[in-house]
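Notes for the structure review
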Amino acid sequence: MAKRVLVVDDANFMRMVVKDSLEPKGFEIVGEATNGAEAVTKFGELKPDLVTMDITMKVKDGVEAAKEILTADPNARIVMVTALGQEKMLMDCIAMGVRDFVVKPFTSERILSAVQKALV
Amino acid sequence: MMKFNARHVNPFVEAAMKVVNQITGIEVRRGHLSYKPKVEPSFGVSIIIGIYGFLTGQIVYSLDGKLADRLVDKLLEGKSPQQRKIMFLDSLGEVANMITGNATALLNQGNDSVLNITTPAIAAGDNLSVHLIPKPALVLGLITMYGPIEVSIAVEEKETLQETESFDAMLSEA
């Protein structure tokens, strides 16, 4: 059965890039969210196997949303996909329970590998 | 008086070269560096991103429509004209976001703090005037075979801000 993914990014373009990387490899994109608040709501509704999460978004950022999702479901699998590749931010997210951190721009192979490892 | 630091420039050059080349295949070279007493974008498409943390201010990317078209053509290769229209500004904003994000990682190397950026604000069109924070900027020219990208870096370090704030407080107390 295809693994179900929720894609969170405020940029339509980036959601398309993530979808184009994952769908041909058999993943099902079950939903999209454009900010952290929407991500938390959709995670509760859709119960995806994995979330790809941008950080810089209006309304609620990705770090805050990941924290809320992991508090509600400590087994949630979240991969941060962000342009902000700063060491402290990366360490804070991993300590919080995020599975991996993909820095934009990325190749299809990089995001695919991060998602596959997060689902093991 | 706002203090500039040339250390703030190189990360943007490095990040722009890496990001633009990786996602579009277009080569970027470094051009002139100059000073402007306030940020005034030179071309028709402007993308504005705020920075906050130990550095505070704005980065403004400015490019002409022809280069914007080329970048979007490369980014959205194989997509329909309708998708291209929908994602035109969005994809340019994301390029600026990636350059700024990668530059902040370089600026923040060895620092035990986080430098945040805002989501991009994009303005495009002829006869458009953009009102920005009236702060001086270092203006970096980047050269591509399809036209230039102008990067205005109007940021100051936190210590400078604190010094200014305490100086202002001393003045008002006096």
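Fair warning: this is a prediction, and the values are worked out from it, not measured in the lab.

So, about the overall build of chain A. Across its full length, chain A holds 5 helices and 5 strands. Reading chain A from its N terminus to its C terminus gives the helix and strand order β-α-β-α-β-α-β-α-β-α. For 120 residues, the compact-globule estimate of 2.2 N^0.38 gives 14 Å, and the C-alpha radius of gyration of chain A, at 13 Å, lies within 12% of that figure. The principal-axis extent of the C-alpha atoms belonging to chain A is close to 30 × 30 × 30 Å. Sorting the 120 residues of chain A into buried and exposed places 49% on the buried side. In chain A, the proportion of contacts linking residues at least 24 apart, taken out of those at least 6 apart, comes to 61%. Total accessible area on chain A stands at roughly 5,200 Å², and carbon and sulfur atoms take up 51% of it.

All names here are of chain A. Judged by which residues are buried, strand β3 (residues 50-53) turns out to be covered on both faces: L50 and T52 on one side and V51 and M53 on the other are all buried. Pairing of strand β1 (residues 4-8) with β3 involves 4 bridges; the strand directions are parallel. Looking at the pairing, L6 lines up with V51 of β3. The sheet contact formed by β3 and strand β4 (residues 78-82) spans 3 bridges and is parallel. For T52, the partnering residue across the bridge sits in β4 and is V79. In terms of handedness, the path from β3 via helix α3 (residues 62-72) over to β4 forms a crossover that is right-handed.

Attention now moves to the packing of helix α1 (residues 12-22) of chain A against helix α3 (residues 81-107) of chain B. The interhelical angle for the contact between α1 of chain A and α3 of chain B, taken along N-to-C directions, is 85°, at an axis separation of 7 Å. What the angle tells us is that α1 of chain A and α3 of chain B run roughly perpendicular. Two secondary-structure elements touch here, α1 of chain A through N12, F13, M14 and M16 of chain A and α3 of chain B through I86, M87, D90, S91, E94 and M98 of chain B. Among the residues forming the contact of α1 of chain A with α3 of chain B, the class breakdown is 6 nonpolar, 2 polar and 2 charged.

Turning next to empty space enclosed by the protein. All names here are of chain B. On inspection of all chains with the given rule, the structure shows 1 cavity of 30 Å³ or more. What lines the largest cavity is simply V20, I47, Y61, L63, L71, L92, V95, A96, I99 and I149. Taken together, the elements giving at least two residues each to the lining of the largest cavity come down to β3 (55-63) and α3. With 4 residues, α3 is the largest single contributor of residues to the lining of the largest cavity.

Another aspect to go through is the sheet that holds β3 of chain A. Residues and elements named next belong to chain A. The strand order across the open sheet formed by 5 strands is β2-β1-β3-β4-β5, and the pairing between neighbours is parallel. Looking at the sheet topology across the chains shown, the edges are occupied by β2 (28-33) and β5 (100-103). Ignoring strand direction, the axes of neighbouring strands in this sheet form an average angle of 20°. Sheet strands in contact with helix α5 (residues 108-118) are β3, β4 and β5, and its direction is about 170° off that of β5.

All names here are of chain A. Taken together, the buried positions of α5 are occupied by I111, L112, A114, V115 and A118. On an axial view of α5, the arc spanned by its buried residues comes to 160°, and they lie on one face. Projecting away from the buried face of α5 at angles above 90 degrees are the exposed residues E109 and K117. The inward-facing, buried residues of α5 abut α1, β3, β4 and β5.

Once that is clear, we can look at the environment of I99 of chain B. Residues and elements named next belong to chain B. Topologically, I99 is positioned in helix α3. A relative accessible area of 4% means that I99 is categorised as buried. As for I99 and V13, which are separated by 86 residues in sequence, their C-alpha atoms are 8.9 Å apart. Non-local contacts of I99, meaning those with residues more than four positions away in its chain, are made with F12, A15, A16, V19, V20 and Y61.

Conventions we followed
Residues numbered from 1 in each chain as written. Chains lettered and ligands numbered in written order. Predicted model: local features only at pLDDT ≥ 70, side-chain atom pairs only at ≥ 80, totals over all residues. Heavy atoms only, no water. Helix = DSSP H or I, 4+ residues; strand = E, 2+ residues; numbered from the N terminus. Rg over C-alpha atoms; globule rule 2.2 N^0.38 Å. Buried < 20%, exposed > 50% of the residue type's maximum accessible area, 1.4 Å probe, protein only. Contact = heavy atoms within 4.5 Å. Areas by Shrake-Rupley, 256 points an atom, 1.4 Å probe, with all protein chains shown as cover. Pairing = 2+ DSSP bridges. Right-handed = clockwise from strand over helix to strand, strands pointing away. Axes fitted to C-alpha atoms, helices over the stretch in contact; angles between N-to-C directions. Parallel < 35°, antiparallel > 145°, perpendicular 65-115°, else oblique. Nonpolar A, V, L, I, M, F, W, Y, C, P; charged D, E, K, R; others polar. 1 Å grid on protein atoms, 1.4 Å probe; cavity = no way out; pocket = protein on both sides within 12 Å on 5 of 7 lines; lining within 4 Å. Points joined across faces, edges and corners; volume = space filled by probe spheres on them. Arc of directions from axis to C-beta.

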